[in-house]
Each structure stands twice: as C-alpha cells, then as structure tokens.
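Understanding the architecture of this molecule
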Amino acid sequence: MEGTLLKWTNYYNGWQPRYFVLNENGILSYYKSHELIHEGCKGSYLVLACEIKAHPNDSLRFDLIIPGEQFFCLKAKTQQERQHWLVALGSCKSRGTKSTTTTTTITSNNNNNTSTLISHLSAIDHDLKVKVQELRLYETVLMQRIHAIKSIVNDTPTPNVKDLDETSSMLSMTCDAFIQTLDECVKLATNDSTNSLSQRKLSDEFNSTKSLNAISILPKQMIYRTFFSELHLKFSALTSLSFNEIPSELFLSTCEQYCNLIGTFRSDANKCINILRKKISNDSNQFPTLFSIINNEIIAQITKEKDSATNALLWLKRNMHFLACFIHEFGQGDKTVEDAMNKAYRQILKSFHNWTTRGVYSLAIQSVPNNEEFFISLTIDRNDAQDILFERQVCLKRNART
C-alpha cells in the first residue's frame, strides 16, 4: 500500500505531506513526495516493532509508537483513507507476529530447554532497547555540542579559547560514550557480549535515561538564548518560601515578566498588579510581603470588595495558573496556540467569568499568533528558530517551568 499522508515534523513546520510506502516485508518507508522517490526515503520503520494507535479525538490521525524510542504522528486526508492504512498496518503486524511465533516455536521444539531460550532472547531484547534509548540521548547531546562549538567560533572575531577547549572536551567525552554504547549494541545483536546490561543491575535513574554517564555529559548551560533564559526573575526563586515570607514587589515583578509571553492577556494581569502596587505605595514599610497585604485587609474586613488587593491577588494567581496551563498544553506538541489557549481557558478561567467576559475572551483567543509566529516570538535571535535543536530546548525549558 502507498499514498500521501501528513506527518508531524515540529512546531516550526507543523504537519507536512510525505509519501508513504508499505512493502510486503512489513517495512513502512516515507519520501518527501512521490516525485522525489528516486532521491531515497527519509526514514523507515519496521511495522512489527511499532504500536499502532488511532487517535481518540482526531478522526484523521493515527500514531506509530516504537516503545521507549520514537513517536510518529500521521494524518490521512479522509476517515476512509485512515481506515485503509490502519487495516493494512494491522494486517502486516499480524502476519509478522505469526511469522515470529512460528519461527520461535520451531526453534524451541529443537531445544529441550525452552524456558531458558525464551528468557535469554527476552533479556537480549530488553538490553538492546535500553541501549538504543541511550544512543538517542547521546545523539541529541552530540548535536548540541557541535552547535555550541559553531556558536563559539562564529559569534566573535577571536573565539574564547577556554570556552572552546571546555566544549571540545565535552564533545570528545560524548563521542566516546556514543561509540562505547554503539559497540555494546553490536555485541548484543551478534550475541557476542560478555557483559550485557542483563548481567548487572540497572538503577532507577538509568531506567529513566538518567544514568551517571548521561548526567556527566549533559549540557550545564542552555545553548540558545530564549524568552525563558532571558528572564531575570523566576518563580523558582520563590518556591522555597512560605506564603508569609514572599516579598510583595519581587512577586509582582516576576509576574510582570512572565505575562510578556502572551501580550493578548497582559492587560488583565497588569490591572491586578497595579491595584496591588497602589496598596503597597500607601506604606511600603507596612506591606513588605503578600501576607501583610492580605492580613491588613482581613482586619479591615474589605477582602471581598471589588477593587481590594485581596481580590486582585486572587485574579493574578488565576491568570498565572492559566498561563502555566497554556504552556503545558502547547508543550504537548499536538495543539495549535489557539487550541492550547482554549483548553487552558476552559480549565482555569471560564468558570469564573460571566457570559459577556467569556465572549470577550473567545474573540481574544481567536487573535492569538499561529504556531510559527509564537515560536519565533520565543527567540532572541530569530535565526535560531530555523534550528531543530532550538525547538527541543524551548520545549524542555517551558515544560520544566510549568
């Protein structure tokens, strides 16, 4: 079976058409287009190794998942076309499973120790999967190291020798780790390993791709300058404080910085910030913390007044929660800015708004930037948006801050 499907590439390019071919050997390959097949495939997957899932909410989408390794999102033009692909892939996977089962049965019948054979094959399969995950981690880090060296060399007429030496040293360490892991994969695949992973304990940290080797070569600093990296004030500086210790002005200034991420809704947050600052300006020595502001209004019994600082702080908190929810939803990778914004609004703010305000927000959400514009807005240097590693870094950082 063959035909054109949409394939999710990244936040910058979104869904792109690719020509897919499923051959009789159970290998699904894709090309840039039907006309460019002669240039060779852009990638291929063994269907037997994939989990095939129809998307629960999108009637055109289905996903191919290689457990612990890769996740491919595909879309057909129509529901019928998706169904044809699902049937073809499912049948191919079923034939492959039966073939594998038959081969294993024949081999096992010739071996008196069936359980030992199955256990041995299972252990090798597990070790290979773990090693492939490790290789993919090193691949990403290698790309980051190479880009870092290019940046050091190109950014200034005279490169910083110390930075260059340090980055080159880290690149060398990463290459060594990659080659060693690749060698272990070859030994496992050829059954020539005397010290596979199954013969030594795996820590919980390694199982989540956080082995000591991986930690030692991961970047200590971000390579790209982004909206998040340029924030001078961060909420992480406040997390260790109890509510009665949070400095008023520090909290408000931090909120101001994060609100710049989405200009459409900045005015609501700024209105709350201005009310709180007006309260503080009456006597800055009396209101050094958020707790002191709330406590003052509790004593004065004015917390429920419309323009009270307490009410302003409550709405500011809701706005920050809304922003965090939006960042999380957009970071999942399968939503537009508008879709992520709508979901965040429904979850966080909608229940607090009347019909008029809901209508205003609905119109405002429709005017938010598209994915490409929003993604570029996160850059400091617009040229960085062309690099796929920039996208990976931004996704990691913004999810970490949620």
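As named in an unreviewed UniProt entry, the protein chain is Pleckstrin homology domain-containing family A member 8, taken from Adineta steineri.

**Section: the overall build of the protein chain**
Counting its regular elements, the protein chain contains 13 helices and seven strands. Across the 402 residues of the protein chain, 38% fall into the buried class. Carbon and sulfur atoms form 52% of the exposed surface of the protein chain, whose accessible area is close to 23,500 Å².

**A word on the side chain of Ser253**
Of note, Ser253 is situated in helix 6 (residues 248–259). The class of Ser253 is buried, set by a relative accessible area of 17%. Discounting residues that sit within four places of it in the chain, Ser253 has contacts with Leu233 and Arg277.

**Observations concerning the packing of helix 7 (residues 266–282) against helix 8 (residues 290–300)**
Packing of helix 7 against helix 8 leaves a shortest axis separation of 11 Å and a crossing angle of 80 degrees. Taken together, the axes of helix 7 and helix 8 are roughly perpendicular relative to one another. For the pair helix 7 and helix 8, the contacting residues are Leu276, Lys279 and Ile280 in the first and Ile293, Asn296 and Glu297 in the second.

**Some details on the sheet that holds strand 3 (residues 27–31)**
Taken in spatial order, the seven strands line up as 4-3-2-1-7-6-5 in an open sheet, and their pairing is antiparallel. Both edges of this open sheet fall to strand 4 (43–46) and strand 5 (51–54), since each of them pairs with a single strand only. The sheet shows a mean angle of 35 degrees between the axes of neighbouring strands, direction not considered. Strand direction decides the pairing type here: strand 2 (residues 14–22) and strand 3, joined by four bridges, are antiparallel. Following the sheet pairing, Leu22 is matched in strand 3 by Leu28.

**A word on the pattern of salt bridges**
Across all of its chains, the model carries five salt bridges by this definition. Between Glu249 and Arg277 there is a salt bridge, and its shortest N-O distance comes to 2.6 Å. Here Arg277 lies in helix 7 and Glu249 lies in helix 6, a separation of 28 residues in the sequence. A relative accessible area of 23% means that Arg277 is categorised as partly exposed. The network of salt bridges with common partners includes Glu249, Glu256 and Arg277.

**Here we look at the packing of aromatic side chains**
Counted under the stated rule, the structure contains 10 aromatic pairs. Pairing Trp8 with Trp15 gives two aromatic rings, centres 5.5 Å apart and planes at 70 degrees, and the pair type is edge-to-face. By relative accessible area, which is 17% here, Trp8 ends up buried. Ring geometry for Phe326 against Phe374: centres 5.6 Å apart, planes inclined by 70 degrees, an arrangement best described as edge-to-face. With Phe326 in helix 9 (residues 309–330) and Phe374 in helix 12 (residues 371–377), this pair connects stretches of sequence that are 48 residues apart.

**Description of helix 11 (residues 355–366)**
Between its terminal C-alpha atoms helix 11 stretches 17 Å, which fits the 16 Å expected from 12 residues at 1.5 Å a residue. Along helix 11, the residues classified as buried are Tyr361, Ala364 and Ile365. All buried residues of helix 11 fall inside an arc of 95 degrees around its axis, so they share one side. Opposite the buried face of helix 11, at more than 90 degrees from it, the exposed residues are Trp355, Thr356, Val360, Leu363 and Gln366. Contacts made by the buried residues of helix 11 are with helix 7, helix 9 and helix 10 (337–348). Capping the start of helix 11 is the job of one residue whose side-chain oxygen sits 3.2 Å from the backbone nitrogen of Thr356: Asn354.

**Some remarks on the pairing of strand 4**
Covered by surrounding structure in strand 4 are Gly43 and Tyr45 only, the residues Ser44 and Leu46 on the alternate face being uncovered. The pairing of strand 3 with strand 4 spans four bridges and is classified as antiparallel. Pairing of Leu28 across the sheet is with Tyr45, part of strand 4.

Cut-offs applied
Every chain's residues receive numbers from 1 upward, in the order its sequence appears when written. This being a predicted model, a pLDDT of at least 70 is required before a residue's local features are given, and a value of 80 or more before pairs of side-chain atoms are given or counted; all residues contribute to the totals for chains, interfaces and linings. Heavy atoms from the whole structure form the basis of all side-chain values; hydrogens and water molecules are not counted. Helix and strand definitions follow DSSP, with helices as H or I runs of at least four residues and strands as E runs of at least two, each counted in order from the N terminus. Accessible area is worked out with a 1.4 Å probe on protein chains only. A residue is then buried under 20% of its type maximum, exposed over 50%, and partly exposed in between. Accessibility throughout is a Shrake-Rupley quantity obtained with a 1.4 Å probe, and a residue counts as covered only by protein chains that appear here. Whether two residues touch is decided by their heavy atoms; if any such pair falls within 4.5 Å, the residues are in contact. Lines fitted to C-alpha atoms define the axes here, with helix axes fitted over just the stretch in contact, and angles between the N-to-C directions of these axes take values from 0 to 180 degrees. Throughout this description, any angle smaller than 35 degrees is read as roughly parallel, any larger than 145 degrees as roughly antiparallel, any in the 65 to 115 degree range as roughly perpendicular, and the remainder as oblique. Pairing between strands is defined by DSSP: at least two bridges between the two strands are required. What makes a salt bridge here is a side-chain nitrogen of Lys or Arg within 4 Å of a carboxyl oxygen of Asp or Glu, nothing more. Under the pairing criterion, centres of Phe, Tyr and Trp rings, with the six-membered ring standing for Trp, must be within 6.5 Å; the plane angle then separates stacked pairs below 30 degrees from edge-to-face pairs above 60, leaving the rest tilted. To estimate the expected span of a helix, subtract one from its residue number and multiply by 1.5 Å. Throughout, the arc means that of the directions going from the helix axis to the C-beta atoms. Each polar contact in these results corresponds to two N or O atoms within 3.5 Å; when the atoms are within protein, one needs to be able to donate a hydrogen and the other to accept it, and residues that are neighboring in sequence are counted only if both atoms are side-chain atoms.

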